[in-house]
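A structural walkthrough
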Amino acid sequence: MPKPAEVTLPSGREVRVTRTFNAPRQLVWDAHTRPELVRKWQGYDGWDMPVCDMDVRVGGKYKWQWRSREDGKQFGFFGTFTEVNGPSKLVHEQYYDPGDMDFAMPAGDPCIVSLELSEQNGVATLVCNLTFASKEARDGAVATGMADGMEHSYTRLDDMFKAAA
Amino acid sequence: MQSSKRLDLTFAALADPTRRAILARLATGGATVTELAEPFEMSQPAISKHLKVLERAGLISMDVDAQRRPRKLEPKRLEEAVDWIERYREIFERNYLRLDALLEELQAKPSRRKRTKK
């Protein structure tokens, strides 16, 4: 089993998440860049992903939206790819769309999301670096409902994967 | 104080290696400014400056009644910072566990990989 994700704070505005996967990095890259794969894992249990549009090229846009199975509430992220260098580096500027959710992260300036993939002996290492516009945005991204509101029904997606496998 | 403001102070305080070393020293027991200045080869005013930052962040406190005025660790604030990181980690880890399952599935059945976009 891969080691759990490691989180560090390289600076006041950054969060860095490092994780290994038992797969070649090309596959991990595909899972991050092909919409039909992205919607299978990226999200929150109890939430469907009705919108997953991605035009993966420099200057290309993307839009992700999730909908709660429980109450139909929606929220999402959208943005623009600024660096596309498969299968090693993907950078995008990400904006938060609060939709119907009553928690709000500071809007306006985007969060710069940088994914870097390396591979050794068939194991891919992913370094995901989030650079927020401000410390407030960084803290707000997790301090608000993001974690709390979505924790109530987390087991379902895992079940779906078990059923699909 | 707002919790995000408080976290800012905590993380800013933790960003400095000397201050982290001071916390590590205080984790073994209270110490005065003089006692803290010694191992770091720093002047007392320089150490006092660091202590002020740690105090403002709520990471340490001073026993004002005791004559030596020793500083002591306030573990609660440190735990809060660790919790915050842990929540970030959980959000990502939940996704990555699903990604693990997907990657396994893709490697087990390479022929079933869909090539066409929606």
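Sequence order sets the numbering: in each chain, residues are counted from 1 along the sequence as written. As they are written, the chains are lettered A onward and the ligands numbered 1 onward, keeping that order. Reporting in this predicted model follows two pLDDT cut-offs: at least 70 for local features of residues, and 80 or more for side-chain atom pairs to be given and counted; totals over whole chains, interfaces and linings ignore these cut-offs and use all residues. Values shown for side chains rest on all heavy atoms present in the structure; no hydrogens or waters enter the calculation.

1. Things to note about the confidence of the model for chain A
Atomic detail in the predicted coordinates should be set aside for any region of low pLDDT. All names here are of chain A. Put simply, the rule is: Each residue carries a pLDDT score, the predictor's confidence in it, ranging from 0 to 100. The helix count covers DSSP runs of H or I at least four residues long, the strand count covers runs of E at least two residues long, and both are numbered beginning at the N terminus. Here, two residues are considered to be in contact whenever any of their heavy atoms come within 4.5 Å of each other.
On average, residues of chain A score 81 in pLDDT, and 78% of them are at 70 or above. Across chain A, the secondary-structure element scoring lowest on mean pLDDT is helix α5 (residues 155–164), at 37, and the one scoring highest is helix α1 (residues 25–33), at 96. Ignoring residues within four places in sequence, the model shows residues 143–165, a span with pLDDT below 50, making 49 contacts including any to other chains.

2. Let's talk about the pairing of strand β2 (residues 14–21) of chain A
All names here are of chain A. Formally: The pairing criterion for strands is at least two bridges between them, as found by DSSP.
Here strand β1 (residues 6–8) runs beside β2; their pairing, made up of three bridges, is antiparallel. Within β2, the residue paired with Glu6 across the bridge is Thr18. Counting the residues between successive antiparallel strands, the hairpin from β1 to β2 contains five residues. As paired strands, β2 and strand β8 (residues 123–131) are joined by eight bridges and run antiparallel to one another. Directly across from Val17, in β8, lies its bridge partner Cys128.

3. Some remarks on the packing of aromatic side chains
Worth spelling out the cut-off: Stacked, edge-to-face and tilted are the three classes for Phe, Tyr and Trp ring pairs, Trp counted by its six-membered ring, which pair at centre distances within 6.5 Å; planes under 30 degrees apart are stacked, over 60 edge-to-face, the rest tilted. Accessibility here uses a 1.4 Å probe with only protein chains present; expressed as a share of the type maximum, an area under 20% marks a residue as buried, one over 50% as exposed, and anything in between as partly exposed.
Scanning the entire structure with this criterion turns up 15 aromatic pairs over all chains. An angle of 80 degrees between the planes, with centres 6.3 Å apart, marks the rings of Phe75(A) and Phe77(A) as edge-to-face. A single burial state applies to Phe75(A) and to Phe77(A), both of which are buried. Aromatic pair Phe92(B) and Tyr96(B): ring centres 5.9 Å apart, planes at 45 degrees, arrangement tilted. Taken together, the residues span about one helical turn, with Phe92(B) and Tyr96(B) both in helix α5 (residues 75–108) at a distance of four residues.

4. Looking at the nonpolar core
Note the following rule: We define a nonpolar core as any set of buried Ala, Val, Leu, Ile, Met, Phe, Trp, Tyr and Cys residues linked to one another through side-chain atoms lying within 4.5 Å.
The biggest cluster of nonpolar side chains holds 63 residues, and the ones touching the most others in it are Trp64(A), Leu130(A) and Tyr96(B). Per-element tally for this core: the top contributor is α5(B), with nine residues.

5. A closer look at helix α3 (residues 33–40) of chain B
Residues and elements named next belong to chain B. Note the cut-off: Here, the arc refers to the directions that run from the helix axis to the C-beta atoms.
Within α3, burial applies to Val33, Leu36 and Ala37. In an axial view of α3, the angular spread of the buried residues amounts to 100 degrees, which keeps them on one side of the axis. Opposite its buried face, α3 presents the exposed residues Glu38 and Pro39, each directed more than 90 degrees away. Close packing links the buried residues of α3 with α2 (17–26), α4 (44–56) and β2 (71–73). Trailing α3 by a residue or two, Glu41 shows a phi angle of about 50 degrees, which is positive.

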